[in-house]
Amino acid sequence: MTSPSADPKEKEPNDYASPSVSTESSRTIESSRTIESSRTIESSRTIESSENEGEAIHSGVGVLDKTVRILDALESGPATLGQLVTSTGLARPTAHRLAIALERHRFVLRDAHGRFVLGSRFAELAAAAGEDRLLTAAGPILQTLLDRTGESAQIFRRQGEQRVCISAVERSSGLRDSIPVGAMLSMEAGSAAQILLAWEDSDRIHRGLRHARFTAAKLATVRKRGWAESSSEREQGVSSISAPIRNASGNVIAAISISGPTQRLTSTPGRHFAPLVMAAGKYLSDSLIKASNNN
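Just so it is clear, the structure is predicted and the values come from calculations on it, not from any experiment. (Residues numbered from 1 in each chain as written. Predicted model: local features only at pLDDT ≥ 70, side-chain atom pairs only at ≥ 80, totals over all residues. Heavy atoms only, no water.)

## Re the side chain of S240
You can see S240 is positioned in strand β7 (residues 238-246). Side-chain polar atoms of S240 contact the side chain of S191, separated by 2.7 Å. Within the local environment of S240, its side chain forms a polar contact with the side chain of S230, the two groups lying 2.9 Å apart. Residues contacting S240, with those up to four places away along its chain left out, are S191, A228, E229, S230, I258, S259 and P269. (Helix = DSSP H or I, 4+ residues; strand = E, 2+ residues; numbered from the N terminus. Polar contact = N/O pair within 3.5 Å; in protein donor to acceptor, adjacent residues only side chain to side chain. Contact = heavy atoms within 4.5 Å.)

## Things to note about the packing of helix α2 (residues 62-74) against helix α3 (residues 81-88)
As a packed pair, α2 and α3 sit with axes 10 Å apart at the nearest point and diverge in direction by 110°. Relative to α3, the element α2 lies roughly perpendicular. Crossing hand, α2 versus α3: right-handed. Side by side, α2 and α3 meet where R69, I70, A73 and L74 of the first sit next to L84, S87 and T88 of the second. Taken together, the residues that form the contact of α2 with α3 break down as 4 nonpolar, 2 polar and 1 charged. (Axes fitted to C-alpha atoms, helices over the stretch in contact; angles between N-to-C directions. Parallel < 35°, antiparallel > 145°, perpendicular 65-115°, else oblique. Left-handed = near helix turned anticlockwise from the far one by under 90°. Nonpolar A, V, L, I, M, F, W, Y, C, P; charged D, E, K, R; others polar.)

## What about the packing of aromatic side chains?
The description of an aromatic ring pair rests on the distance of the ring centres and on the angle between the ring planes. Per the counting criterion, the structure on display carries 1 aromatic pair. Note on F107 and F122: the rings are 5.1 Å apart at their centroids and 65° apart in plane angle, and the pair reads as edge-to-face. With F107 in the loop between α4 (92-104) and β1 (108-110) and F122 in helix α5 (residues 121-129), the pair connects residues that are 15 residues apart, well separated along the chain. The ring centre of F156 lies 4.7 Å from the NZ or CZ of R163, which sits over that ring. The aromatic ring of W227 is capped on one face by R225, whose charged end is 3.7 Å from the ring centroid. (Phe/Tyr/Trp six-rings, centres within 6.5 Å; stacked < 30°, edge-to-face > 60°. Lys NZ or Arg CZ within 6 Å of the ring centre and 35° of its normal.)

## Things to note about the sheet that holds strand β4 (residues 162-169)
The pairing of strands in a sheet comes from backbone hydrogen bonds and takes either a parallel or an antiparallel form. Strand order in the open sheet formed by 6 strands is β5-β4-β3-β8-β7-β6, with antiparallel pairing between adjacent strands. The strands lining the two open edges of the sheet, one partner per strand, are β5 (184-186) and β6 (228-231). Within this sheet the neighbouring strands show an average axis-to-axis angle of 30°, counted without direction. Direction of pairing for β6 relative to β7: antiparallel, over a ladder of 4 bridges. Its bridge partner being in β7, S230 is matched across the sheet by S240. (Pairing = 2+ DSSP bridges.)

Structure representation (structure tokens):
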């Protein structure tokens, strides 16, 4: 008996499985393409974002990063709102809102021309932190100057186009020149301004002299003798004398001063007090060098 011939329409089990496998394979390929496409798009967005934002540091807190960009821009000197927008890349309303908020907290102030500048709050925080070697050594030296001269004593640092008082002691009574810690003063007048400008590079000296009440010749004298004096230059009836404070590299980083009424200090205070102020500046400079060598 012969076997019946196979039905041509009948199929092996594997024949039925093939279409299913083919469909699944297509789906897998399509899914892979979709994932790859998404990754490519995301990568392009990341690259584009990095190019747009330059080398800015991102903490993950957007408003903080934008605020730091404003402070970084002001580190190089005063800026108008338009200049802040250009240098930070922030939208004008955002830059304005953040600058005003910083001003309320005294991290930013306005200068005489209405430009934004770094504020006095930074000096206050530096003093409170107690980590500044200069501030640590300054107190006793300023007190010694006060005791030996009878006049208020201060230390100033340059901050952009201004100078900030970072440490001070005052006479307890009588006429005195009162300059509190954190006070921002002009770089255009006063013996401390002369000291902070005298050893700068020629371009910065040239810019600083444009509106200054002292001359290039006076700065040359300051460099030659190592101290500066002023009388009614910053304020009518006030005289002062200043000397440089240098870091371990020999760069002038601050000015130490005494100031008071001209009727006591006279119009040539350096004649009497230059050696004392210079000695105080040298002591603080040596302290900074010693601390640096010990690290």
